[in-house]
Amino acid sequence: MGALPFIFVIIVDALNTISELEKAAEENGRIRNLIISEHVTELMEENFYVLHALALNPAIVQYLEKPTREMDHVIEKLLKDTNSVFKDSNLMALTGKNAIQLFRTDNSILVNVKKRQHFKEAMEGRDFVSDVIVSMSTGKMIVVAEVAVKDSVYKPVGMLQRNLNLNALQYFVDTQGSNEVSILILDRQGKVIAYSNKIVNFLEEHESEGRYKFIAEEAKGDSGSIHMQVNGEPALVNYSKNKLTGWTIVTVQPYHFMLEQVYTKIFRSTLIGLLMLFIVSVTAYLLSVRVTKPIIEIKNAADKIVKGNTNIEKIEVSSDDELGQMAEAFNKIRSARDVYRIESELDKLTQLYNKTTTETVCKVKLETFGKRDNPDSLLALYVIDLDHFKEINDTLGHQFGDKVLVEFARVLRKQFRPNDCIGRFGGDEFVVIIDNLPGMEIILRKAKQIKDVTENLTVDGKITGITASIGIAIAPQHGMDYETLFKSADKSLYHVKANGRNGYYYVSAEDIG
């Protein structure tokens, strides 16, 4: 009879584990969504970078304003050479402001795209990624990225279009699915762009006809979790909206996987309890230590993860059964959470990353940067100091000075991509880290943009009159670790201050001491 209380504890603890597993599943789904959304953003930004560079070519603008046969071969070479950047043969098309395509790299019939949403967005001067549409020339399902081509007075005179290859995105989504999690990417209309077919038998977009639109309609806000029926099965659905495309990233985790783990624990625990009725107290004690301690450790670890406590040690469970699998899963969640918890560590005044978070982000970016596929890409670190900011505090007061810092943070954020790191180190010192840059031209252009917006900074309807001194460090030229890069940027900042302030500079690699 002495084993009965132990059996009762095991069963109650296993039932309580349902709630903990659900919370862990929510966190697991959120992390998967973040990874996939970041991948989608990087894919789209890569296309936009190339399209913008092409749209600035004078030959493109000239051809749109006055197309001639003599220019056909020039335009053909420009558009087809672009595919060499992506190492594919996706369609590139140039369209005039009358909505008639002027050139296509696939040599298909030129079509009128006046009714297409991406053409309307282009004529408004906006970048745009379409939902899933049917190609007018091939009849295939595609997604289109477009940018406007503008004349010398920045008026749209046409559109550059690139049909996106979704096979690579589909492959990436497949790799993120698992034996317990299925993934969907839905466009704004609720149609399927990509999916992993591990558990839930999702249908392809052209077969589903918006069958999963109900998930997108239930997904309120930027992210969250929903309990719903998916293909006739109760499931936990985690979702997040990709800000660049408006698409919804969805992970579906059927409840029966979580319940199976709990039922298995209850069944095995009950058998152990019955057997313990016939075993001596010493054997019962050894079995209780072996079974209950790992479960308690896993439960406590789950509690800490859910409450946001990241200072937990790795759970050591050497067994190969469900306990070992749970321990391994919680260890992975803990490691992944260390990366994504930085989102909540913000500077209270400016809502930028604080110093600790900025350093962490930089180290994560450098680790990823060291494994980059493109060896010619660059990473830049900017250290920004607002010149004579102390004089503003002394003459106009600290409240006005705080307004200056908040407004500077706002305009600074507008100059960079959503995935770039912008932080405040305290006082009037700011740090920006951007990666996956194609060359020095964009690095210096960004520095000039920071300088210009600072000179024109307005608070309460008045120009503040402050300027910015900017020190720049570049990886890999100046180093591949955070401390070395920051030292180089700080040395560059000192050079700017010593030469009259209000400027930007980066030291040569040979000058780094």
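## Overview of the overall build of the protein
Right, on to step 1. Each helix and strand counted, the protein has 15 helices and 19 strands in total.
Right, on to step 2. Buried residues in the protein amount to 49% of all 513 residues.
Right, on to step 3. When contacts within the protein are restricted to residue pairs at least 6 apart in sequence, long-range pairs at least 24 apart make up 59% of them.

## Considering the packing of helix H12 (residues 389-396) against helix H13 (residues 398-414)
Right, on to step 1. Following both chains from N to C, one finds H12 and H13 inclined at 140°, their axes separated by 7 Å at the closest point. When the axis of H12 is compared with that of H13, the two are oblique. Residues Phe389, Ile392, Asn393 and Leu396 of H12 form the contact with H13, whose own contacting residues are His398, Phe400, Gly401, Val404 and Leu405.

## Here we look at the nonpolar core
Right, on to step 1. Residues Leu79, Leu94, Val149, Leu160, Leu169, Ile185 and Trp247 are the most contacted members of the largest nonpolar core, which totals 38 residues.
Right, on to step 2. Here the element with the most residues in this core is helix H1 (residues 4-55); it accounts for seven residues.
Right, on to step 3. Setting aside residues up to four positions removed in sequence, Val149 forms contacts with Ala55, Ile60, Val61, Leu64, Lys155, Pro156, Val157, Gly158, Met159 and Leu160.
Right, on to step 4. By size, the runner-up hydrophobic cluster in this structure holds 33 residues, among which are Ile384, Leu412, Val432 and Ile442.

## As for the confidence of the model for the protein
Right, on to step 1. For the protein, mean pLDDT is 83; residues scoring 70 or higher make up 78% of the total.
Right, on to step 2. Scored below 50 in pLDDT, residues 202-208 makes 21 contacts in the model with residues more than four places away or belonging to other chains.

## Side note on the sheet that holds strand S1 (residues 92-96)
Right, on to step 1. Read across the sheet, five strands follow the order S2-S1-S7-S6-S3 without closing on themselves; strand pairing throughout is antiparallel. Each having just a single partner strand, strand S2 (101-104) and strand S3 (128-129) make up the two edges of the open sheet.
Right, on to step 2. Direction of pairing for S1 relative to S2: antiparallel, over a ladder of three bridges. Residue pairing for S2: Leu94 is matched across the bridge by Phe103.
Right, on to step 3. Where helix H2 (residues 58-65) meets the sheet, its contacts fall on S1, S2, strand S6 (144-150) and strand S7 (156-163), and the angle it forms with S1 comes to roughly 45°.

## Considerations on helix H3 (residues 69-86)
Right, on to step 1. For H3, built from 18 residues, the straight-helix expectation of 26 Å at 1.5 Å per residue is met to within 8% by its first-to-last C-alpha distance of 28 Å.
Right, on to step 2. Where H3 terminates, the next one or two residues include Lys87, which has phi positive at roughly 60°.

## Quick word on the sheet that holds strand S19 (residues 503-505)
Right, on to step 1. What the five strands build is an open sheet, ordered S14-S15-S13-S18-S19; its pairing is mixed. Of all the strands in the sheet, the pair left with one neighbour each is strand S14 (421-426) and S19. Strand-to-strand twist across the sheet, computed as the mean angle between neighbouring axes with direction ignored, equals 20°.
Right, on to step 2. In terms of strand pairing, strand S18 (residues 467-475) meets S19 through three bridges, oriented parallel.

## Quick look at unusual backbone geometry
Right, on to step 1. Cis geometry marks the peptide bond from Ala475 to Pro476, where omega comes out at 10°.
Right, on to step 2. Mapped onto the secondary structure, Pro476 falls in the loop between S18 and helix H15 (482-498).
Right, on to step 3. In this structure, Asn436 is a non-glycine residue whose phi angle is positive, near 55°.
Right, on to step 4. Of note, Asn436 is situated in strand S15 (residues 429-437).
Right, on to step 5. Looking at Asn436, the relative accessible area reads 39%, which means it is partly exposed.

## Topic: the pairing of strand S9 (residues 192-195)
Remember that side chains alternate between the two faces of the sheet whenever the strand is regular.
Right, on to step 1. Inspection of the sheet shows strand S8 (residues 182-186) paired to S9 by three bridges, in the antiparallel sense. Across the sheet, the residue bridging to Ile185 is Ala194, located in S9.

## So, the side chain of Thr245
Right, on to step 1. Along the polypeptide, Thr245 turns up in the loop between strand S11 (233-241) and strand S12 (248-254).
Right, on to step 2. With a relative accessible area of 1%, Thr245 lands in the buried category.
Right, on to step 3. Side chain to side chain, Thr245 and Asn242 meet in a polar contact 3.0 Å long.
Right, on to step 4. A polar atom in the side chain of Thr245 sits 3.1 Å from the backbone nitrogen of Trp247.
Right, on to step 5. Sequence-distant contacts of Thr245, defined by excluding residues within four places in its chain, comprise Val40, Met44, Val129 and Arg188.

## Observations regarding the packing of aromatic side chains
Right, on to step 1. On inspection of all chains with the given rule, the structure shows four aromatic pairs.
Right, on to step 2. Both rings, one in Phe408 and one in Phe430, keep their centres 4.9 Å apart while their planes meet at 65°; by these two values the pair is edge-to-face. One end of the pair, Phe408, is in helix H13; the other, Phe430, is in strand S15, and 22 residues separate them in sequence.
Right, on to step 3. The class of Phe408 is buried, set by a relative accessible area of 0%.
Right, on to step 4. A relative accessible area of 0% means that Phe430 is categorised as buried.
Right, on to step 5. For the ring pair Phe425 and Phe486, a centre distance of 5.5 Å and an interplane angle of 10° mean the geometry is stacked. Remark: Phe486 occurs in helix H15 and Phe425 occurs in strand S14; sequence separation between them is 61 residues.
Right, on to step 6. Residue classification places Phe425 among the buried residues on the basis of a relative accessible area of 15%.
Right, on to step 7. Under the relative-accessibility criterion, Phe486 is labelled buried at 18%.
Right, on to step 8. Within the aromatic cluster, the residues linked to one another by ring pairs are Phe425, Tyr482 and Phe486.
Right, on to step 9. Above the face of the Phe369 ring, Arg372 is positioned so that its terminal group lies 4.0 Å from the ring centre.

Conventions used here
Residues numbered from 1 in each chain as written. Predicted model: local features only at pLDDT ≥ 70, side-chain atom pairs only at ≥ 80, totals over all residues. Heavy atoms only, no water. Helix = DSSP H or I, 4+ residues; strand = E, 2+ residues; numbered from the N terminus. Buried < 20%, exposed > 50% of the residue type's maximum accessible area, 1.4 Å probe, protein only. Contact = heavy atoms within 4.5 Å. Axes fitted to C-alpha atoms, helices over the stretch in contact; angles between N-to-C directions. Parallel < 35°, antiparallel > 145°, perpendicular 65-115°, else oblique. Core = buried A, V, L, I, M, F, W, Y, C linked by side-chain atoms within 4.5 Å. pLDDT = per-residue confidence, 0-100. Pairing = 2+ DSSP bridges. Expected span 1.5 Å × (residues − 1). Polar contact = N/O pair within 3.5 Å; in protein donor to acceptor, adjacent residues only side chain to side chain. Phe/Tyr/Trp six-rings, centres within 6.5 Å; stacked < 30°, edge-to-face > 60°. Lys NZ or Arg CZ within 6 Å of the ring centre and 35° of its normal.

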